[in-house]
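# Overview (structure and organization)
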Amino acid sequence: MNVLLIGSGGREHALAWTLSASPLLDKLYCAPGNAGIAEVAECVVLDTANADAVINFCALFNIGFVVIGPEAPLVAGLGDALRAADIKHFGPSKAAAQLEGSKGYTKDLCRAHNIPTAAYGRFTEAASAHAYLSTQPVPIVVKADGLAAGKGVTIAMTHAEAAAAIDACFSGAFGQAGAEVVIEDFLEGEEASFFALCDGRHALALATAQDHKRVGDGDTGPNTGGMGAYSPAPVMTKALIEQTMREIIQPTVAAMAERGTPFQGVLFAGLMLTKDGPKLIEYNVRFGDPETQVLMMRLQSDLLPALLATADGNLDTFSLRWSDDVALTVVMAANGYPGPPQKGSEIRGLEAAKRIDDVQIFHAGTRRDGDRLLADGGRVLNVTARAKTVSEAQAHAYAAIAEIDWPEGFCRKDIGWRAILRPKG
Ligand code: AMP
Ligand code: GLY
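Source: prediction; values computed, not measured. (Residues numbered from 1 in each chain as written. Chains lettered and ligands numbered in written order. Predicted model: local features only at pLDDT ≥ 70, side-chain atom pairs only at ≥ 80, totals over all residues. Heavy atoms only, no water.)

### Brief notes about the overall build of the chain
Our working definition: A run of DSSP states H or I qualifies as a helix once it reaches four residues; a run of E qualifies as a strand once it reaches two. Both are numbered from the N-terminal end. Remark: exposure states derive from per-residue accessible area (1.4 Å probe, protein chains only) relative to the maximum for the residue type, with buried under 20%, exposed over 50%, and partly exposed in between. Using the Shrake-Rupley algorithm and a 1.4 Å probe, accessible areas are obtained, with residue cover drawn only from the displayed protein chains. The charged-residue count follows a simple rule in which Lys and Arg add positive charge and Asp and Glu add negative charge, with His and chain termini not counted at all. In plain terms, the charge of a residue is placed at NZ if it is Lys, CZ if Arg, CG if Asp and CD if Glu.
Scanning the chain from terminus to terminus reveals 14 helices and 23 strands. If one aligns the C-alpha atoms of the chain with their principal axes, the spans along those axes are about 60 × 45 × 45 Å. The buried share among the 425 residues of the chain stands at 56%. When the accessible surface of the chain is totalled, it reaches about 17000 Å², and 51% of it is carbon and sulfur. For the chain, the separation between the mean place of its 37 positive charges and that of its 49 negative charges on side chains is 2 Å.

### Overview of the pairing of strand E1 (residues 2-7)
What counts is decided by this rule: If DSSP finds at least two bridges between two strands, the strands pair. Here is how to tell: hold the view so the strands point away, follow the path from the first strand over the helix to the second, and if it runs clockwise the crossover is right-handed.
Of all 6 residues in E1, 6 are buried; the element is thus mostly enclosed. Here E1 shows two buried faces, one formed by Asn2, Leu4 and Ile6 and the other by Val3, Leu5 and Gly7. Sheet topology note: the E1/strand E4 (residues 63-68) ladder contains 5 bridges and is parallel. Paired with isoleucine 6 across the bridge in E4 is isoleucine 68. Looking at chain direction, E1 and strand E2 (residues 27-32) are connected through 6 bridges and run parallel. By the bridge assignment, isoleucine 6 is partnered in E2 with alanine 31. The β-α-β motif built from E1, the intervening helix H1 (residues 10-19) and the parallel element E2 has right-handed crossover chirality.

### Examining the packing of aromatic side chains
Threshold: Stacked, edge-to-face and tilted labels apply to pairs of Phe, Tyr and Trp rings (six-membered ring for Trp) whose centres lie within 6.5 Å, assigned for plane angles under 30 degrees, over 60, and everything in between, in that order.
Tallied over the full model, the rule gives 7 aromatic pairs. Considering the side-chain rings of phenylalanine 195 and phenylalanine 268, the 4.5 Å spacing of their centres and the 35° angle between planes classify their relative orientation as tilted. One end of the pair, phenylalanine 195, is in strand E10 (residues 190-199); the other, phenylalanine 268, is in strand E15 (residues 264-274), with 73 residues separating them in the sequence. Here phenylalanine 195 matches phenylalanine 268 in class, with each residue buried. Ring pairing ties together the aromatic residues Tyr29, Phe57 and Phe61, which thus form one cluster.

### A short note on the site of ligand 2
Rule in force here: In this text, near means that some heavy atom of the residue lies within 4 Å of the molecule or strand in question. Whenever two N or O atoms come within 3.5 Å, that pair is a polar contact, provided that in protein one can donate a hydrogen and the other can accept it, and provided that, for residues adjacent in sequence, both atoms are side-chain atoms.
Near ligand 2 you find Asp211, Gly225, Phe268, Arg286, Gly288, Asp289, Pro290 and Glu291, and these make up its full shell. A distance of 3.1 Å is found between a nitrogen atom of ligand 2 and a backbone nitrogen or oxygen belonging to glycine 225. Arginine 286 is positioned such that a nitrogen or oxygen atom in its side chain is 2.9 Å from an oxygen atom of ligand 2.

### Some words on the side chain of asparagine 284
Rule in force here: Contacts are assigned to residue pairs with any non-hydrogen atoms lying within 4.5 Å of each other.
Within the secondary structure, asparagine 284 sits in strand E16 (residues 277-284). There is a polar contact of 3.2 Å between the side chain of asparagine 284 and the side chain of arginine 286. When residues no more than four places from it in sequence are discounted, the contact partners of asparagine 284 are Glu100, Val266, Leu267 and Phe268.

### Quick notes on the nonpolar core
Note on soluble globular proteins: their nonpolar side chains tend to be buried together. Stated formally: Put simply, buried Ala, Val, Leu, Ile, Met, Phe, Trp, Tyr and Cys residues joined by side-chain atoms within 4.5 Å make one nonpolar core.
In this structure, Leu4, Val66, Leu99, Met236 and Ile249 are the most contacted members of the largest nonpolar core, which totals 46 residues. The greatest single-element share of this core, amounting to 7 residues, is contributed by helix H9 (residues 238-258). Not counting residues within four places of it along the chain, the set of residues in contact with valine 66 comprises Leu4, Ile6, Cys58, Leu82, Ile87, Lys88, His89 and Phe90. Formed by 40 residues, the second largest nonpolar core is a distinct cluster that contains Val3, Ala16, Val67 and Leu307.

### Description of the sheet that holds strand E8 (residues 153-156)
Rule in force here: Fitted lines through C-alpha atoms serve as axes, helices being fitted only where they are in contact, and the angles separating the N-to-C directions of these axes extend from 0 to 180 degrees.
Read across the open sheet, the 4 strands follow the order E6-E9-E7-E8; overall the sheet is antiparallel. With partners counted over all chains shown, the strands left at the sheet margins are strand E6 (120-123) and E8, one partner each. Direction aside, the axes of adjacent strands within the sheet are offset by 15° on average. In this sheet, strand E9 (residues 181-185) lies alongside E6 in antiparallel orientation, the contact comprising 4 bridges. Each residue of the ladder has a partner; that of phenylalanine 123, found in E9, is valine 181. The strands that helix H7 (residues 126-134) touches are E6, strand E7 (140-144) and E9; relative to E6, the one it contacts most, it runs at about 165°.

### Some remarks on the packing of H7 against helix H8 (residues 159-170)
Stated precisely, the cut-off is as follows: Oblique is the label for any angle not covered by the other classes, which are roughly parallel (under 35 degrees), roughly antiparallel (over 145) and roughly perpendicular (65 to 115). By definition, turning the near helix anticlockwise from the far helix through less than a right angle yields a left-handed crossing, and turning it clockwise yields a right-handed one.
Where H7 contacts H8, the two axes come as close as 10 Å, and the packing angle between them is 160°. Taken together, H7 and H8 sit at an angle that is classed as roughly antiparallel. Considering how the two elements wind past one another, H7 and H8 form a crossing that is right-handed. Here Ala126, Ala129, His130 and Leu133 of H7 lie close against H8, whose contacting residues are His159, Ala162, Ala163, Ile166, Asp167 and Phe170.

### A look at the sheet that holds strand E3 (residues 42-43)
One open sheet holds the 5 strands; their spatial order is E3-E2-E1-E4-E5, and the pairing between them is parallel. Each having just a single partner strand, E3 and strand E5 (89-90) make up the two edges of the open sheet. Bridge count for E2 against E3 is 2 bridges, and the pairing is parallel. Residue pairing across strands places cysteine 30 opposite cysteine 43, the latter belonging to E3. Along the sheet, helix H2 (residues 51-60) contacts E1, E2 and E4; its crossing angle with E1, the most-contacted strand, is approximately 155°. In this fold helix H11 (residues 303-312) packs onto E1, E4 and E5, with an angle of close to 90° to the strand it touches most, E4.

Right, here's the structure in full:
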């Protein structure tokens, strides 16, 4: 079967690397891909915001399955267009993608089905948002309702800060995404990323992960898309995984089916592990980035049939095997990130870095210029290692980074610290 993968990040490189090993695969295309993805797939120029262009490509290149990586085409309805054209694909419909596309939608669903999440209010104009705020204690969290590329969330320590965040949303700082605002209680605890494949009726838990969202060592500085991750998340015990499936994932899958908008794809729950149990911070309707990089390093089964079973509604008879090893990835970003990154600098030394045991380097934002490899994004490389312990995986990842010659890039030096400090047993 020929497969088209949509996306260009480290997540898509990890998916492409994994899919390319499938015996079911004839040829893998990726649109638009990047320099790393080009080593395992044929990268193609295709306007993925134009569903007709994607459908024409599928007809021309005999594509049997489309895997949609990022949220934007899902929320825009690419899944629906493919379904209408009878093209099998991985990724939810536009209606089901509202779980990521509208925070208010998800909060209302949680409220209606008793799914644990922070208490909240939902507002379409400033006066009522301010009135609600004045009745709430701080810290408090203000969120633009729609997709804001990870920038629409303010954790406000004071009422003044929260009020400013409300005004920023309504004055258009996040465009249409901020036309509605969710204000919610601040949750305390440790965060974990939880993934489940959902076929509309059944859910299959994947491995757990934790990422590091802040740009600086010690979890300081501005939020980013994620500066590093590891899997498994030691904090996610078997009991917590079962509780999350029972109280959060399964009720969501059932509710979406009941509403006539079944969810098919991967449900990525951002969890806060509070003293009252796991609570949903938010849903994403796609794989995490960089969490996917560590999940794919531990996956021992063939990914392609799992994604096909998700699309076909056959997950109830499916299981996946995961390595007991730990995988850890360190993001190398271009100077400037998470602000506007410096683009076009040359990266050297990847061949030496790749020779380190059980290391894979996933490209997140690179392009080739002749023989030269150039940085072409904010997050640029994901240096990923697998080992028996998190300390060992961390040591291998940083040993590989030491081989990379890229003065215009930086990384955090402490990825995995929480897992390493955790008491054993
Ligand atoms: P989100 O984009 O909703 O994932 O939010 C980004 C980050 O903000 C999350 O990963 C959390 O670290 C933090 N956050 C969001 N909502 C809350 C909340 N209700 N309580 C505490 N932290 C939160
Ligand atoms: N690493 C978090 C995300 O993919 O949104």
